[in-house]
Amino acid sequence: PWDQAVHYQETVMEVAYYSGTSHATGRSAHTSTLVTPGGAKVEISDFFADFKTWLPLITEAIGRAQTPKVWEAVQQGRKASFGPFQLDATGITYKRKGTLPWPAVETIDVHGGVVVVRQYGRRKAWAHTKVKTVPNLLVFLTVALNLCSG
């Protein structure tokens, strides 16, 4: 079942605002949504017992099952879709920006619950989207970073 499962993640950080400035409190809440091949959704939050132990195991199981297949598909010239992003052998496509060729990609990172794609020579992010919109984030990052490094 891991080779067809879809996993969405969301982490919300608590921020306190005081006198016009914001400060992270150090508290966060995490929610994951697993979608089965049949379309059933299961929402898992950090209120579940041993959440921090077994959630990475789920993420890793999906990554081990799907990454080789996605990698092979991309190497054969097909596109792999991850929410607002598509990956192929030539570059990364973002729904609002078009395609950025791999040699022009400086970094693909996750900061503050946002996936950020940076282009060489630009200060502003080329593309950014909330982590919760990118299914199977580990698969996406593994394939994208391997394509980016070349």
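Given the structure is predicted, the values throughout are model-derived calculations rather than measurements.

Packing of helix α1 (residues 51–75) against helix α2 (residues 137–149) brings their axes to within 8 Å, and their N-to-C directions diverge by 40°. Taken together, the axes of α1 and α2 lie oblique to each other. Between α1 and α2 lies a crossing of right-handed hand. For the pair formed by α1 and α2, the contact residues are Thr 59, Glu 60, Ile 62, Gly 63, Gln 66, Thr 67, Val 70, Trp 71, Val 74 and Gln 75 on the first element and Leu 138, Val 139, Thr 142, Val 143, Asn 146 and Leu 147 on the second. When the residues that make up the contact of α1 with α2 are grouped by side-chain class, the tally is 8 nonpolar, 7 polar and 1 charged.

This part takes up the pattern of salt bridges. Applying the stated criterion to the full structure yields 3 salt bridges. Two residues, Arg 64 and Glu 60, come together in a salt bridge whose shortest N-O distance is 3.9 Å. Here Arg 64 and its partner Glu 60 are both found in helix α1, 4 residues apart, which amounts to about one turn of the helix. Overall, the relative accessible area of 59% leaves Arg 64 in the exposed class. Among the residues examined, Glu 60 registers a relative accessible area of 38% and is labelled partly exposed.

The next point concerns the sheet that holds strand β5 (residues 85–87). One open sheet holds the 4 strands; their spatial order is β4-β5-β6-β7, and the pairing between them is antiparallel. The strands lining the two open edges of the sheet, one partner per strand, are β4 (80–82) and β7 (98–101). Mean inter-strand twist for the sheet, computed between neighbouring axes without regard to direction, equals 25°. Note that strand β6 (residues 91–94) and β7 share 4 bridges and pair antiparallel. Within β7, the position partnered with Gly 91 by the bridge is Pro 101. Relative to the sheet, α2 contacts β4, β5 and β6, its axis offset from that of β5 by approximately 50°.

Counting 32 residues, the largest nonpolar core has Phe 85, Leu 87, Ile 92, Ile 108, Val 117 and Phe 140 as its most contacted members. Of all elements in the fold, only α1, β4, β5, β6, β8 (105–111), β9 (114–119) and α2 reach the threshold of two or more residues within this core. When residues of this core are assigned to their parent elements, the largest contribution, 7 residues, is made by α2.

Let's shift gears to the sheet that holds strand β10 (residues 127–130). One open sheet accounts for 3 strands, arranged β8-β9-β10; its pairing is antiparallel. For this open sheet the edge positions go to β8 and β10, each flanked by a neighbour on one side alone. Neighbour-to-neighbour, the strand axes of this sheet turn through a mean angle of 10°, independent of strand direction.

What counts as what
Residues numbered from 1 in each chain as written. Predicted model: local features only at pLDDT ≥ 70, side-chain atom pairs only at ≥ 80, totals over all residues. Heavy atoms only, no water. Axes fitted to C-alpha atoms, helices over the stretch in contact; angles between N-to-C directions. Helix = DSSP H or I, 4+ residues; strand = E, 2+ residues; numbered from the N terminus. Parallel < 35°, antiparallel > 145°, perpendicular 65-115°, else oblique. Left-handed = near helix turned anticlockwise from the far one by under 90°. Contact = heavy atoms within 4.5 Å. Nonpolar A, V, L, I, M, F, W, Y, C, P; charged D, E, K, R; others polar. Salt bridge = Lys/Arg side-chain N within 4 Å of Asp/Glu carboxyl O. Buried < 20%, exposed > 50% of the residue type's maximum accessible area, 1.4 Å probe, protein only. Pairing = 2+ DSSP bridges. Core = buried A, V, L, I, M, F, W, Y, C linked by side-chain atoms within 4.5 Å.

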